Amino acid sequence: MDEACPVGRKTKGPSSSRSWDAVANWYIGWAGAEGSRHHRELAIPAAMRLLALGPGERLLDIGCGAGALAPSVIAAGAHYCGIDKSRRLIAHGRRHHGNEVPLLVGDAARLASSSSLRREGFDAASFLLSLQDIDPLEAALASARWALRPGGRLVILMTHPCFRIPRQSGWGWDEARGLRYRRMDRYLTPLDIPMQEYGRKGSRGRGTTRSYHRPLQSYVSALADAGFVIDALNEIPAPLPPGETRALRLSSEEFPLFLAIRALKHR
Ligand SMILES: C[S@@+](CC[C@H](N)C(=O)[O-])C[C@H]1O[C@@H](n2cnc3c(N)ncnc32)[C@H](O)[C@@H]1O
């Protein structure tokens, strides 16, 4: 996912993100309905800290996949509702979490067209590892704004756009200095990047998705244009276990894997 190879084209204008149906079986096999190790150890705890949900509050999880965030939200005493474009991931989630966890099929860029959602019906909304796979960004943020009550909070947890660009970033090794460095081949240009194919060769469950790289300024500007004010930002590394060499651990601790942003709906 993270190799340096010059693939990906400039984002040209509004498009629409691909369904993850073709890779649903692979994704569930990799992450499970409760999330991968990175979900459980880093992404979900970081998102939950910023969401700071109180008992009885309502959260809309946008691009929810199979609902990996649901158990933590319910454990906090809040109400969870997830929405995702992939019917297959939603079906996996329903089987795993049961009927009491509402999981809807719908497009993040057109939440107002979902008959099950109501305008300003949520205290908080999240994009857990989904916003970088959703296009167009502006429509997704406008939709999140539509779903949130005034003052409601939006938490975005994504792979860090400054350090992790699919096919355009990777690790390198500096022999002379004995250190591992992070190499970035592109950054400022928004890119529409085809991901590698997942699933068993020849199987029906094999397919690809797209990821949308945007520089940090695109996210900050789009949030401001959509009527949000950022009030917290965290950069989250993925530390390696103590057995690894100092050079590997240092680089893992210095270059964050995830970026988490909290923004409040105003106006
Ligand atoms: C990397 S997965 C993350 C899923 C889940 N949040 C998790 O952490 O396991 C990205 C998700 O974004 C969803 N997605 C992409 N475009 C979407 C859209 N336009 N509307 C709703 N969901 C979308 C995909 O179906 C996929 O489930």
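Just so we're clear, the structure is a prediction, and the values are computed from it rather than from any experiment.

Student: What exactly am I supposed to notice about the overall build of the protein here?
Tutor: The number of helices and strands found in the protein is seven helices and 12 strands. Considering only contacts within the protein whose residues lie at least 6 apart along the sequence, 69% involve residues at least 24 apart. A total of about 12700 Å² of accessible surface is found on the protein, and carbon and sulfur atoms cover 53% of it.

Student: Quick question: what am I supposed to make of the confidence of the model for the protein here?
Tutor: The predicted coordinates of low-pLDDT regions are not to be read in fine detail. Residue-level pLDDT values for the protein average 91, and 90% of them are 70 or greater. The low-confidence segment residues 1–7, where pLDDT is below 50, has 28 contacts with residues more than four positions distant or belonging to other chains.

Student: What is the right way to read the site of the ligand from this model?
Tutor: Close contacts around the ligand come from 19 residues, with H39, G63, D84, A108 and L128 the closest. Between L128 and the ligand, the recorded distance is 2.7 Å, taken from a backbone N or O atom to a nitrogen atom. Looking at the shell around the ligand residue by residue, the classes come out as eight nonpolar, seven polar and four charged.

Student: How should helix α1 (residues 24–31) be read in this particular structure?
Tutor: Because an α-helix packs 3.6 residues into every turn, residues spaced three or four apart end up facing the same way. Among the residues of α1, A24, Y27, I28 and A31 are the ones counted as buried. For α1, the angular spread of buried residues about the axis comes to 95 degrees, placing them on one side. For α1, the secondary structure elements touched by its buried residues are α2 (37–51) and α4 (87–97). One or two steps after α1, the chain reaches G32, where phi turns positive at roughly 75 degrees.

Student: Quick question: what am I supposed to make of the packing of aromatic side chains here?
Tutor: In this description, an aromatic ring pair is defined by two values, namely the gap between the centres and the angle between the planes. Within the structure shown, the criterion is met by six aromatic pairs. Measuring from centroid to centroid gives 6.0 Å for W26 and W30, while their planes differ by 5 degrees, and the two rings are stacked. Placement of the pair is W26 and W30 together in helix α1, with a separation of four residues, close to one helical turn. Here the aromatic cluster, defined as three or more aromatic residues joined through ring pairs, consists of W20, W26, Y27 and W30. In this structure, R180 packs its charged tip against the face of W171, placed 3.7 Å from the ring centre. The aromatic ring of W171 is capped on one face by R182, whose charged end is 4.5 Å from the ring centroid.

Student: Sorry if this is basic, but what is going on with the pattern of salt bridges here?
Tutor: Side chains that differ in charge, positive against negative, can pair when their charged atoms come close. For the structure on display, the rule yields 10 salt bridges. Across the pair D185 and R183 runs a salt bridge, and its minimum N-O distance is 2.9 Å. Within the structure, one salt-bridge network assembled from shared partners comprises E57, R58, D123, R149 and R153.

Student: Is there a simple way to think about the pairing of strand β10 (residues 210–213) in this case?
Tutor: Every regular strand shows the same layout, with side chains that alternate between the two sheet faces. Side-chain alternation along β10 places R210 and Y212 on one buried face and S211 and H213 on a second face that is also buried. Across four bridges, the pairing between strand β9 (residues 191–194) and β10 is antiparallel. Residue P194 lies in a different strand from β10, and its bridge partner there is R210.

Student: Would you explain a nonpolar patch on the surface in this entry?
Tutor: A contiguous nonpolar surface patch, about 210 Å² in accessible area, is contributed by V220, I230 and L233. If you trace the backbone, L233 turns up in strand β11 (residues 228–236).

Student: Quick question: what am I supposed to make of the packing of α1 against α4 here?
Tutor: The interhelical angle for the contact between α1 and α4, taken along N-to-C directions, is 40 degrees, at an axis separation of 9 Å. Put simply, α1 runs oblique to α4. The element α1 and its partner α4 pack so that their crossing is right-handed. In this structure, α1 uses A24, N25, Y27 and I28 to contact α4, whose residues at the interface are R88, L89 and H92. Looking at side-chain class alone, the contact of α1 with α4 contains four nonpolar, two polar and one charged residues.

Student: Any chance you could explain the sheet that holds strand β4 (residues 103–105) here in plain terms?
Tutor: The strand order β4-β3-β2-β5-β6-β12-β11 describes an open sheet built from seven strands, whose pairing is mixed. What marks the edges here is a single partner per strand, and that holds for β4 and β11. Along the sheet, successive strands turn relative to each other by an average axial angle of 20 degrees, direction set aside. Pairing between β11 and strand β12 (residues 258–265): eight bridges, direction antiparallel.

Student: Sorry, what's going on with the environment of D135 here?
Tutor: Assignment of secondary structure puts D135 in the loop between β5 (122–128) and α5 (137–147). Judged by relative accessible area, D135 falls into the buried class, the value being 6%. C-alpha separation for the pair D135 and S211, spaced 76 residues apart in sequence, amounts to 8.8 Å.

Rules used in this analysis
- Residues numbered from 1 in each chain as written.
- Predicted model: local features only at pLDDT ≥ 70, side-chain atom pairs only at ≥ 80, totals over all residues.
- Heavy atoms only, no water.
- Helix = DSSP H or I, 4+ residues; strand = E, 2+ residues; numbered from the N terminus.
- Contact = heavy atoms within 4.5 Å.
- Areas by Shrake-Rupley, 256 points an atom, 1.4 Å probe, with all protein chains shown as cover.
- pLDDT = per-residue confidence, 0-100.
- Near = heavy atom within 4 Å.
- Polar contact = N/O pair within 3.5 Å; in protein donor to acceptor, adjacent residues only side chain to side chain.
- Nonpolar A, V, L, I, M, F, W, Y, C, P; charged D, E, K, R; others polar.
- Buried < 20%, exposed > 50% of the residue type's maximum accessible area, 1.4 Å probe, protein only.
- Arc of directions from axis to C-beta.
- Phe/Tyr/Trp six-rings, centres within 6.5 Å; stacked < 30°, edge-to-face > 60°.
- Lys NZ or Arg CZ within 6 Å of the ring centre and 35° of its normal.
- Salt bridge = Lys/Arg side-chain N within 4 Å of Asp/Glu carboxyl O.
- Pairing = 2+ DSSP bridges.
- Patch = residues over 30% accessible without salt bridge, like charges linked within 9 Å, V, L, I, M, F, W, Y side chains within 5 Å.
- Axes fitted to C-alpha atoms, helices over the stretch in contact; angles between N-to-C directions.
- Parallel < 35°, antiparallel > 145°, perpendicular 65-115°, else oblique.
- Left-handed = near helix turned anticlockwise from the far one by under 90°.

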